[in-house]
Amino acid sequence: MALRKILSYVLILAVSIVSGVTVGKVFLDMNAIPVSSLVGSEAEFRESDKVVEELVERSRQAGVAPDSFNGIELFQIAEYNLNNSENFLKEMVGQVNSTGQVVYMRSQKVKVGNEFAYYKLSPSKAVLGITTPQICSKVSCNIKNLNNIKIVTNEKGVITNTSSSETLDGDFSATPDIYNEKSYFDIFKTVPYTTMSFIVSEKTTSGCVSEVVANGDGTYSFEIKYTPKDGVIDAAYLYAHEIEFSSGYSLPYWDSVKLKITVDSNFYFKTIEYDERYMVSSEKIPVLGKADVVDTFVDHYYYDIDSIAEKVLPDFRKTMEV
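What you see is a predicted model; the values in this text were computed from it and never measured. (Residues numbered from 1 in each chain as written. Predicted model: local features only at pLDDT ≥ 70, side-chain atom pairs only at ≥ 80, totals over all residues. Heavy atoms only, no water.)

Q: Can you help me understand the pattern of salt bridges in this one?
A: Any two side chains of opposite charge can pair if their charged atoms end up close together. Evaluated as defined, the whole model comprises twelve salt bridges. One salt bridge in this structure joins Arg46 and Glu42, with 2.8 Å as the shortest N-O distance. Judged by relative accessible area, which is 17%, Glu42 ranks as buried. With a closest N to O distance of 3.2 Å, Lys90 and Asp299 form a salt bridge. One end of the pair, Lys90, is in strand S2 (residues 87–98); the other, Asp299, is in strand S16 (residues 290–302), with 209 residues separating them in the sequence. Asp299 matches Lys90 in its accessibility class, with the two residues each being buried. Taken together, the shared-partner salt bridges connect Glu42, Arg46 and Glu79 into one network. (Salt bridge = Lys/Arg side-chain N within 4 Å of Asp/Glu carboxyl O. Buried < 20%, exposed > 50% of the residue type's maximum accessible area, 1.4 Å probe, protein only. Helix = DSSP H or I, 4+ residues; strand = E, 2+ residues; numbered from the N terminus.)

Following this line, the structure appears as C-alpha cells:
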C-alpha cells in the first residue's frame, strides 16, 4: 500500500509538470471535482479603456502617490504602464517540490520595441523510474504583424541548462508552428502579447483586495485573495485557457488564488507573488483521473534595456540591438 501511494503521488507530479504552470507542492485529493463553467470574454471582464486612462492621468499629477488609489485601481495603472513600456521583461522563477523531488520552473515575457516573446521552461525529471515531461516552449511575434505568430511547442524545444530555476535555458531553433491572430485567439481568447495572467477589474475583483500599504522604501504593496465565489473564475479567464492548452487536460477548477503585488513610486510593477490552488482532470491522468495543484512562484519586472539584456534568455538577446 505504501508503494502504491508513493507511485500515485509521482504520477500526479508528472501531470502537474506537463501543465506548464505548476510551481509548488502537488498533492492528491480524494474529493469529487466540482462542476465548473467558463463563459464570457476578455472584453467583458476588463475595465473600459476610458476608465483606465483616467486613472493613469490622475496618477501622473504632481504629488500623487500609489496609496492614493485602491488595489484594483493601482493594478490597472501598473498594468497600463507595463503594456505601454517600450521595453520590459517579466520573469517568473520557482520550482515544483513533491515527494522530495525538486523540478525547477522559469518563464519570461519580454518586449523590446515591437518584438515580443513568451518562454516557458521546466526540465523533465526521473522519479522512481518514471520520467516527467519537459516544458520548453516559445511564443513570439511582432506586435504590428499578428499574421505571423510563431510557436515552438514542447515537442520541439530542447532544455539546455537545468542547474537552477534562474538559469534554465533552452534551444528554440526548431521550425515553429505559425498562427494568425484569429487562430491564436480561438485557442487563447486574447492576443499573443497579453502580459498578465489575471484580469483585475471591479468586475472580477471587487471585495477581495486589501488596502495599499507603503513599505517605507519607496514601494507599495497590497494583496488580492480570490475564491470561486468572489471572482477567481472570471479573473483567471485567460489563464485558464493557457493552462488547458499547455496541459492537454481540463480547464482548472479553482479553489483559491492569493496575489501579493508590489509597485514602485512611479506606478510600475516590481514583483508579484502567487499562491494558486486548483484541480485539473482528464481520462489521461493515471490512477484517479484528477490532480490537485498548488502553485507558488514570483514574477520580477525589469524595464531598463541594460537590465533586460543582462537577464533575458540568450535566444531573445541575440535579436536585441544594445
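Next comes the rest of the description.
Q: Sorry if this is basic, but what is going on with helix H4 (residues 71–83) here?
A: An α-helical turn contains 3.6 residues, so a residue and the one three or four places further along point in the same direction. Taking 1.5 Å per residue, 13 residues should reach 18 Å; H4 reaches 18 Å between its end C-alpha atoms and fits that length. Restricting attention to buried positions, one finds in H4 the residues Gly71, Ile72, Glu73, Leu74, Phe75, Gln76, Ile77, Ala78, Glu79, Asn81 and Leu82. Sitting at the head of H4, Asn70 places a side-chain oxygen 3.1 Å from the backbone nitrogen of Ile72. (Expected span 1.5 Å × (residues − 1). Polar contact = N/O pair within 3.5 Å; in protein donor to acceptor, adjacent residues only side chain to side chain.)

Q: Explanation requested: the nonpolar core in the structure shown.
A: Proteins that are soluble and globular tend to have nonpolar side chains buried together. Core analysis: the largest hydrophobic core is formed by 54 residues, its most contacted members being Phe198, Tyr226, Trp254, Leu259, Ile261, Phe269 and Ile272. Residue contributions to this core peak at six residues, all from H4. Those residues in contact with Ile272 that sit more than four places away from it in its chain are Phe75, Met196, Leu259, Lys260, Ile261, Phe297, Val298, Asp299 and Tyr301. (Core = buried A, V, L, I, M, F, W, Y, C linked by side-chain atoms within 4.5 Å. Contact = heavy atoms within 4.5 Å.)

Q: Please explain the layout of surface pockets as it appears in this structure.
A: Empty space left among the atoms is revealed by rolling a probe the size of a water molecule over them. Put simply, the largest pocket is a space of about 660 Å³. In terms of lining residues, the largest pocket is bounded by 25 residues, among which Glu42, Arg46, Asp49, Glu79 and Asn83 are the most central. Mapped onto the lining of the largest pocket, the elements with two or more residues apiece are helix H2 (42–45), helix H3 (49–59) and H4. Considering each element in turn, the lining of the largest pocket owes the most residues, four residues, to H4. (1 Å grid on protein atoms, 1.4 Å probe; cavity = no way out; pocket = protein on both sides within 12 Å on 5 of 7 lines; lining within 4 Å. Points joined across faces, edges and corners; volume = space filled by probe spheres on them.)

Q: Is there a simple way to explain the packing of H3 against H4 in this structure?
A: Angle between the axes and distance between the axes: these two values describe a pair of packed helices. Following both chains from N to C, one finds H3 and H4 inclined at 90°, their axes separated by 9 Å at the closest point. The angle between H3 and H4 falls in the class roughly perpendicular. Contact with H3, carried on its side by Val52, Glu53, Leu55, Val56, Arg58 and Ser59, involves Glu73, Gln76, Ile77, Tyr80 and Asn81 of H4 and no other residues of that element. Broken down by class, the residue content of the contact of H3 with H4 amounts to five nonpolar, three polar and three charged. (Axes fitted to C-alpha atoms, helices over the stretch in contact; angles between N-to-C directions. Parallel < 35°, antiparallel > 145°, perpendicular 65-115°, else oblique. Nonpolar A, V, L, I, M, F, W, Y, C, P; charged D, E, K, R; others polar.)

From the geometry alone we can't say anything about function, so treat these as descriptive.
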